[in-house]
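Structural description and commentary
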Amino acid sequence: MAHDIQEILARAGREKWATGHFNFSELDQARAIVEACAEVRAPAIFGTSEGERTHVGLTEAVAIRDAFRKDFPLPIFLNADHTKSVPAAKAAIDAGYDSVHIDLSALPFEENVKGTKEIVEYARQRESGISIEGELGYLRGESKIQQEKIEVKKEDYTDSAQAKEFVSRTGVDRLAIAVGNIHGISLDEPALDIERIRAIRAAVPEHVALVLHAGSGVPDEQIAAAIAAGITNIHINTDIRVAFVRELKRALADDVGEAAMYKLDASAISAMKEVIKQKLVLFGSMNRIEL
Ligand SMILES: [Zn+2]
């Protein structure tokens, strides 16, 4: 399956569009993602962070993917998002994830290279092939609506020369970069450094996909510019979480006597699907898959 995901990312690069990556911790979210992707005919990439997959269960997340693959004639990939340790990345590979984002970006460069390379080598031993994403640069914030200003410093940005070295020494298939993006929705409008994306794209071999995390809250024109500069995968989490919780709160308040969750969360599923479809259209991801 890694081969398939890399092929889709390469095609997106040639055709100047981006795939979406959406997170889930509930079956409702996973369903919203897959249904939205099927409706606009986009490849479906969903992922779980370490917190999300502790909630779902590693085995269960893989089983959910397999169940959706049976029901939808769609390329569906499961990514272990922001995996912060080598053992956790190996556990996701062993459980059957298609892809792992090994995020050792908080460690010194040499330790990041060493741990990421270990996971690339571990993944390469698998017959099925697994796509590995590394991360370089410091991404602030977490996936929620921030209550305070988050300062992004230029020295946290991914350096293009270091990115080139990181990619060649680790052998990663994808690279997550820090270019002014902040996890969550911040009080300030994020300002992506498009020039920096271009510089990293020029420095890194073409077969390595560039990934933009923290796409929630980034203005549409900046997303378009980032794709034009070479981003082929964009992560959206907070926007989906916000739509889910907002609609669920509304449903709970509207009918205090209702106790059936499947009735209470029906409108939340629709709201999440709308958000996801809007993003896929913005990314140029619609009508890319023959159904
Ligand atoms: Zn992220």
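Residues numbered from 1 in each chain as written. Predicted model: local features only at pLDDT ≥ 70, side-chain atom pairs only at ≥ 80, totals over all residues. Heavy atoms only, no water.

**Some details on the packing of helix H10 (residues 238-254) against helix H12 (residues 266-282)**
How two helices sit against one another is set out by the angle between their axes and by the gap between those axes. Interaxial distance between H10 and H12 falls to 8 Å at its minimum, and their mutual angle equals 155 degrees. It follows that H10 is roughly antiparallel to H12 by the angle criterion. With respect to the hand of their crossing, H10 and H12 are arranged in right-handed fashion. Packed against H10, whose contacting residues are Asp 239, Ile 240, Ala 243, Phe 244, Glu 247, Leu 248 and Ala 251, the element H12 presents Ser 267, Ala 268, Ala 271, Met 272, Val 275, Ile 276 and Lys 279 at the interface. Partitioning the contact of H10 with H12 into residue classes produces 10 nonpolar, one polar and three charged. (Axes fitted to C-alpha atoms, helices over the stretch in contact; angles between N-to-C directions. Helix = DSSP H or I, 4+ residues; strand = E, 2+ residues; numbered from the N terminus. Parallel < 35°, antiparallel > 145°, perpendicular 65-115°, else oblique. Left-handed = near helix turned anticlockwise from the far one by under 90°. Contact = heavy atoms within 4.5 Å. Nonpolar A, V, L, I, M, F, W, Y, C, P; charged D, E, K, R; others polar.)

**Section: the pattern of salt bridges**
Within this structure, the stated rule accounts for 22 salt bridges. Across the pair Arg 69 and Asp 66 runs a salt bridge, and its minimum N-O distance is 4.0 Å. Residue Arg 69 and its partner Asp 66 are both found in helix H4 (residues 58-71); the two are separated by three residues, about one turn of the helix. For Arg 69, a relative accessible area of 25% puts it in the partly exposed group. With relative accessibility at 32%, the residue Asp 66 sits in the partly exposed group. Among the ionic pairs, Asp 239 bridges to Lys 279, the shortest N-O distance being 3.1 Å. Here the residue Asp 239 occupies a position in helix H10, and Lys 279 occupies one in helix H12, the gap between them amounting to 40 residues. Accessibility expressed as a relative area gives 15% for Asp 239, which makes it buried. Judged by relative accessible area, which is 12%, Lys 279 ranks as buried. (Salt bridge = Lys/Arg side-chain N within 4 Å of Asp/Glu carboxyl O. Buried < 20%, exposed > 50% of the residue type's maximum accessible area, 1.4 Å probe, protein only.)

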